[in-house]
Amino acid sequence: MPLQLPNLDDRDFNQLMAEALQQIKSDLDVDWSDLTPGDPGVVLLEAFAYLTEQLIYRLNRLPRKAYIAFLRLLGVALQPPTAASVTLTFRRLEESAIVSRIEAGTQVTMASTGDGAAPIFVTAQNVTLPAGPAGTEVTVPAYHCEWVRAESHGMGSGQPGLSFTVRRPPLVAPLGNELDLAVGVALGAEEEAGGDLVWSAPDGQRFRIWREVANFANLDLQQRVYTVDRASGLIQFAAAARLQRGLGENTLTPELIPLAAIPPLGREIRVWYARGGGPAGNVPAGVLTQIVATPSGQPVTGIEVTNQVRARGGMAAEALENALVRGPLELYSLGRAVTARDFEWVVLSSSRSLIARARAYTKAEQWRHARPGTVQMILVPAPTAYLPAPAAAHATPAAATGALEQDLQQGQDAAVLTEAQRQLDEKSPLGIHNELIWARYKKVTVRATAVIRGNEQSAAVKARLEEHLRALISPFPSATTAGWPFSQPLRVSDIYRRLFVREPAIHEVPSLEVEVEHAPDRDVRVVAADYFQPQTWYVGSGNQFFRSTNDGDGWELLREFGGKPAGAGDIAPAETIAVIRPSPDRIGLLAVATHKASRRDQPRSPLYISLNCGETWHTAYSDFDSQILDMAWLQRSAHYILLLATDKGLFEAEIPVQRLDEQGQSMAAGDIPAPSLVRVDRNHHDLPLYAVTVIQGRQGNLRVAVAAQARRGVYFSKSSDLSASEANTAAFEPLGLVGEDIRHLGVQQSKGRTFLWAASMAIADDGKGCYRWQFSDLQPHRSGGRWINDGWTGGSCYALAFLDTRVLAVSAWGGVLTLEVDPENPEAPVTWRTIERVELPHRRAELQAETQQRDLFLPLVTIAVADQERHTGQIEAAAGSSFPTLMVGGERGVYRSQDGGGHYAPMSRTLFTQLQDLITLPYHWLFISGNHEITVAAEGTRGSASDGREVVEGA
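Residues numbered from 1 in each chain as written. Predicted model: local features only at pLDDT ≥ 70, side-chain atom pairs only at ≥ 80, totals over all residues. Heavy atoms only, no water.

S.K.: How would you summarise the overall build of the chain if you had to cite specific residues and measurements?
M.R.: In terms of regular secondary structure, the chain is built from 14 helices and 60 strands. Long-range contacts, defined here as pairs at least 24 residues apart, represent 62% of the contacts in the chain between residues at least 6 apart. Only carbon and sulfur atoms are counted for the fraction: they give 50% of the accessible area of the chain, which is about 45,800 Å². (Helix = DSSP H or I, 4+ residues; strand = E, 2+ residues; numbered from the N terminus. Contact = heavy atoms within 4.5 Å. Areas by Shrake-Rupley, 256 points an atom, 1.4 Å probe, with all protein chains shown as cover.)

S.K.: Any details on the packing of aromatic side chains? Residues and values, ideally.
M.R.: Per the stated rule, a full pass over the model turns up 21 aromatic pairs. The interplanar angle of 45° and the centroid separation of 6.4 Å between the aromatic rings of Tyr-496 and Phe-500 together place this pair among those described as tilted. Of this pair, Tyr-496 and Phe-500 both sit in helix α11 (residues 492-501), separated by four residues, roughly a single helical turn. Of the residues examined, Phe-500 reaches a relative accessible area of 4% and is grouped as buried. A ring pair is formed by Phe-545 and Phe-561, whose centres lie 6.5 Å apart and whose planes are at 80°; its orientation type is edge-to-face. Taken as a pair, Phe-545 in strand β27 (residues 544-548) and Phe-561 in the loop between β28 (556-560) and β29 (565-567) lie far apart in primary sequence, 16 residues in all. Since its relative accessible area comes to 0%, Phe-545 is described here as buried. (Phe/Tyr/Trp six-rings, centres within 6.5 Å; stacked < 30°, edge-to-face > 60°. Buried < 20%, exposed > 50% of the residue type's maximum accessible area, 1.4 Å probe, protein only.)

S.K.: Lay out the sheet that holds strand β47 (residues 797-803) with the relevant residues and their values.
M.R.: What the four strands build is an open sheet, ordered β47-β48-β49-β50; its pairing is antiparallel. Both edges of this open sheet fall to β47 and β50 (833-834), since each of them pairs with a single strand only. Note: strand β49 (residues 816-820) against β50, two bridges, orientation antiparallel. Bridge pairing links Leu-817 to Thr-834 in β50. (Pairing = 2+ DSSP bridges.)

S.K.: Tell me about helix α9 (residues 414-427), and please be specific about residues and values.
M.R.: Relative to the 20 Å expected for 14 residues at 1.5 Å per residue, α9 spans 20 Å between its end C-alpha atoms, a close match to the ideal helical length. On its buried face, α9 is in contact with α6 (340-349), β19 (355-362), β20 (374-381) and β21 (433-438). The backbone nitrogen of Ala-415 lies 3.0 Å from a side-chain oxygen of the residue at the head of α9, namely Asp-413. (Expected span 1.5 Å × (residues − 1). Polar contact = N/O pair within 3.5 Å; in protein donor to acceptor, adjacent residues only side chain to side chain.)

S.K.: How would you sum up the sheet that holds strand β46 (residues 786-788)? Please name residues and give values.
M.R.: Taken in spatial order, the four strands make up an open sheet running β43-β44-β45-β46, and their pairing is antiparallel. One side of each edge strand has no neighbouring strand; the edge strands of this open sheet are β43 (742-750) and β46. Taken pair by pair, the neighbouring strands of this sheet meet at an average axis angle of 30°, ignoring direction. Sheet topology note: the strand β45 (residues 770-775)/β46 ladder contains three bridges and is antiparallel. Bridged to Arg-772 within β46 is Arg-786. (Axes fitted to C-alpha atoms, helices over the stretch in contact; angles between N-to-C directions.)

S.K.: So what's going on with the pattern of salt bridges? Residues and values would help.
M.R.: By the definition in use, this model includes 41 salt bridges. Linking Asp-180 and Arg-230 is a salt bridge whose minimum nitrogen-to-oxygen distance equals 3.5 Å. With a gap of 50 residues between them, Asp-180 in the loop between β8 (163-165) and β9 (182-186) and Arg-230 in the loop between β12 (225-229) and β13 (234-236) connect regions that are remote in the sequence. Given the relative accessible area of 15%, Asp-180 is considered buried. The salt bridge involving Glu-517 is made with Lys-443; its shortest N-O contact spans 3.8 Å. One end of the pair, Glu-517, is in the loop between β24 (506-516) and β25 (524-529); the other, Lys-443, is in strand β22 (residues 440-452), and 74 residues separate them in sequence. Its relative accessible area of 42% is what places Glu-517 among the partly exposed residues. In this structure, a network of salt bridges that share partners links the residues Lys-596, Arg-604, Asp-623, Asp-625 and Lys-648. (Salt bridge = Lys/Arg side-chain N within 4 Å of Asp/Glu carboxyl O.)

S.K.: For the pairing of strand β26 (residues 537-541), give the residues involved together with the corresponding values.
M.R.: Moving residue by residue along a regular strand, the side chains alternate between the two faces of the sheet. Burial runs high along β26: five of the five residues are buried. Side chains Trp-537, Val-539 and Ser-541 project from β26 onto one buried face, and the interleaved Tyr-538 and Gly-540 project onto a second face that is buried too. In this structure, β25 lies alongside β26, joined through five bridges in antiparallel fashion. Across the sheet, Val-526 pairs through a bridge with Gly-540, a residue of β26. Relative to β27, β26 runs antiparallel, the two sharing five bridges. Looking across to β27, one finds that Ser-541 is bridged to Gln-544.

S.K.: Help me get a handle on the pairing of strand β53 (residues 893-897), residues and values and all.
M.R.: Counting buried residues along β53, five of its five residues qualify, which places the element largely inside the surrounding structure. Following strand β52 (residues 886-890), the chain reverses through two residues before pairing antiparallel with β53. Here β53 pairs with strand β54 (residues 905-906) via two bridges, running antiparallel. Looking at the pairing, Arg-896 lines up with Ala-905 of β54.

S.K.: Mind laying out the nonpolar core, listing which residues take part and the relevant values?
M.R.: Counting 59 residues, the largest nonpolar core has Ile-473, Ile-495, Phe-500, Phe-545 and Ile-580 as the members making the most contacts within it. Broken down by element, the residue count for this core peaks at six residues, all from β22. Ignoring sequence-local partners within four residues, the contact set of Phe-500 consists of Ala-448, Ala-450, Leu-465, Ile-495, Ile-506, Val-509 and Leu-512. (Core = buried A, V, L, I, M, F, W, Y, C linked by side-chain atoms within 4.5 Å.)

S.K.: Could you give an account of the packing of helix α10 (residues 458-472) against α11, with specific residues and numbers?
M.R.: Running from amino to carboxyl end, α10 crosses α11 at an angle of 135°, the nearest separation of the two axes being 10 Å. Relative to α11, the element α10 lies oblique. For the pair α10 and α11, the sense of crossing is right-handed. Contact residues: Leu-465, His-468, Leu-469 and Leu-472 in α10; Ile-495, Arg-498, Leu-499 and Phe-500 in α11. (Parallel < 35°, antiparallel > 145°, perpendicular 65-115°, else oblique. Left-handed = near helix turned anticlockwise from the far one by under 90°.)

S.K.: Would you mind going over the state of the cysteines in detail, with residue names and values included?
M.R.: Scanning the model with the defined rule gives zero disulfides in all. Considering cysteine sulfurs only, Cys-797 is the nearest to Cys-770, which forms no disulfide, with 3.8 Å between them. (Disulfide = S-S within 2.5 Å.)

S.K.: Requested: an account of the packing of α6 against α9, with residues and values cited.
M.R.: At a closest axis distance of 9 Å, the pairing of α6 and α9 adopts a crossing angle of 140°. The pairing of α6 with α9 is recorded here as oblique in orientation. Where α6 crosses over α9, the handedness of that crossing is right-handed. Between α6 and α9, the residues in contact are Phe-343, Val-346 and Val-347 and Ala-420, Gln-423, Leu-424 and Lys-427, respectively. Residue composition of the contact of α6 with α9, by class: five nonpolar, one polar and one charged. (Nonpolar A, V, L, I, M, F, W, Y, C, P; charged D, E, K, R; others polar.)

S.K.: Describe in detail the side chain of Arg-703, supporting the description with residues and values.
M.R.: Positionally, Arg-703 belongs in strand β40 (residues 702-708). No salt bridge is formed by the buried Arg-703. Its closest oppositely charged neighbour is Glu-733, at 7.5 Å. Engagement of the side chain of Arg-703 in a polar contact is seen with the backbone oxygen of Lys-718, the distance being 3.5 Å. (Lys, Arg positive; Asp, Glu negative; His and termini not counted.)

S.K.: Residue-level account of α10, with values.
M.R.: End to end, α10 covers 21 Å across 15 residues, agreeing with the expected 21 Å (1.5 Å per residue, within 8%). Every buried residue of α10 is listed here: Val-461, Lys-462, Leu-465, Glu-466, Leu-469 and Leu-472. Seen end-on, α10 carries its buried residues on one side only, within an arc spanning 130°. (Arc of directions from axis to C-beta.)

S.K.: Let's hear about the environment of Thr-253: which residues, and what values?
M.R.: For Thr-253, the location among the structural elements is in the loop between β14 (240-241) and β15 (257-258). A C-alpha to C-alpha distance of 5.3 Å links Thr-253 and Arg-242, two positions 11 residues apart in sequence. Separated by 3.0 Å, the side chain of Thr-253 and the backbone oxygen of Glu-255 make a polar contact.

S.K.: Which residues make up unusual backbone geometry, and what values go with them?
M.R.: Residue Pro-170 is reached from Pro-169 by a cis peptide bond, and omega for that bond is 5°. By the element assignment, Pro-170 lies in the loop between β8 and β9. Not every positive phi belongs to a glycine, and Ala-710 is a case in point at roughly 60°. Positionally, Ala-710 belongs in the loop between β40 and β41 (714-717). Despite not being glycine, Arg-711 has its phi angle at roughly 60°, a positive value. Among the structural elements, Arg-711 can be located in the loop between β40 and β41.

S.K.: Tell me about the environment of Leu-265, residues and numbers included.
M.R.: Relative to the helices and strands, Leu-265 is located in the loop between β15 and β16 (268-275). For Leu-265, a relative accessible area of 67% puts it in the exposed group. Leu-265 sits 106 residues away from Gln-159 along the chain, and the two C-alpha atoms are 7.7 Å apart.

Now the structure itself:
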């Protein structure tokens, strides 16, 4: 049990009166017989008893005072108010040839609302509005505060322990810009500033700007620092003390030693600071339209101003009661980040109220490409009021949802990450690398029909249910919940149990369905498995790039390539993902090529590179002047080479992985060297290609095979070095299949043998199937190839995948076909077998009749299998089978098999209707609510609910 604080005196008014009366009766020899309440003497006693009770109350508050004093001794101070921030847009009203200067400190406000003084925002930096036509604009950050400049606080005394209080506290929390607190001490006439920041006053006096520190520990006389209590405005310079300096275990220095530099005698001290702040600055978008004043007093004419987004981050100063609760918690971390909770605490306390949640992970536990010792922080920006108060009463759920999404997007401020990163780096142990990212969000929409009891109001129940849903499926903490947990999946039963079962007004729920916003459920042209990250898959669906980290149980949309606004009145050409190629040699390395329509009707292919499994991207080539149809990775020494099969030949691009990793997102487009053309055929230096693949022998020998367009056959490289030594020398030699339309190449490694497969295209017939060569450790000698087409009825073969001795093919007419190859007897006859599953597209009439789908026949075009050798044990545990996971894709999405290709399940669901259905969530994602649709009707009635939808009759 907690320690109980004793009362120094626990007597109350009645006890004091009783003691006084008893003493009169027993100890005083006086003739005082009337002790009734009306006696004047008793009235006087009551007055003194009341005053004594008040003194006892004040005495018993001494432990609280001591408690506050101890916290103050430990450095706990009240948190100051924070200033709301916003980006202001200054725009010309008419054409001008003059460059206009918007000074730092320019004040902007809103029209008066009649509810008090309108909040004033101050610009944080100098900007220039260029000359130009009407509509020319410039943006500048601004803060809700008052900027006090050059406030004088006398002269330095030359003695340690100097302190003073600014005249207009409280100061706002640190801003990290020109408006922030600055304390300047005047320089002598001949004194040099050195490397310190110096400010020159209009009167010619120069001031050295000193640095703010949390305390004076571990400093020396050369460091010009001070401490500040922003809530009270108290600024203190270093004191002096006798210190233990190595003279003996219990020996102090004989003289007083200053803890840091002190202002010299007679030097003026001036202070610049921002004051004010608070929640009044969280104004909605479009209201800051009036320029109040500028620091120089010069008027701003011909220019209008507005805030295109709402201001955010304003918070009131901390109350004493909250500090008494918070203060002891700081003793556990002592300003250092050691545990996961310490890391989260540092970020939250440094965020100026702009971060609502923080979650720390050891990144290496989640990703194999992670740098050892990396702590990854997942952050959620703090919410603001999503709609202005006057509009909130009439806001629709759709408007609230849109405001929430906009709020999350606007809250992801790079400056907030920078400040949190700085704080973490200062307080983290040596060797720890901190990485801060914003959380991602998966939108979930609930649609349900609820029948309520007859004495309930349907509109009230509907409003309650929708509010409960928005509170349940929310990334934000509230007074009753911490927000949806990171990585926790959502079950349909969670919604049913937590809402409808707990709502006493609900009689029954005839229908309930949950929909996620995005899934690869259309136009899937590419499926690829990661070589290193277990259970990780990539899918290209149109221009959308999806990733799954749980073998397709759930998909997350990571990026949409192209199709976004590129500028005023312009739309970027749409892109379609054509190739996704993970690297088999470097963990996390991934390449994506897209096809982009050109205004000149010439096909082009942007190329993108990711070093972290698709989380972030570098643009290698934004407008590659040919169409990339296939890619393959080739590692040469320490260099990562990407081979590009295009309609203008084979290109070799060296990807500077190390530089990309070091420079991060600062790597500019064009910094990756242009690819070089590889001569495939001696007579055709730019032979157009369909496919490229790299073949690795048992001894590590590498060769490259390509398939040429225009039925020119398959070529095989002479070595892994593809550079031609002479102008007329080709790096490849013909392998065969001239006259055949080959658009896909696959490599099978089985039982120590290597096979190269070529998939044949067909025109309106059953097709030829595939052609196969066997290689002996990729030496120039190879066995003669042969057609593998017995039993083939699929028409064109689009792609191949290999499960050791099993070959699987996706086809134009036959869905998925498979066969077993005996590596010990490669010449043994084999026959293709069609996998006749109703869940897969297939042309057979009886299957079409079973499903009653006229458009059942939609060809599968892509297939991939997880690398079992790299994921040994983990793939098997995840699948519950000795077979690795297999994925196929087509017009209707993605299908998964975990039994070697025998049975398939659709894995592109967006709609979940069964109570046991599960919507998964990666560790750094959270759910947000969509526009929930709840239909409510009274029991035993039929009609329309408040949203106009027809409801069913209750039971």
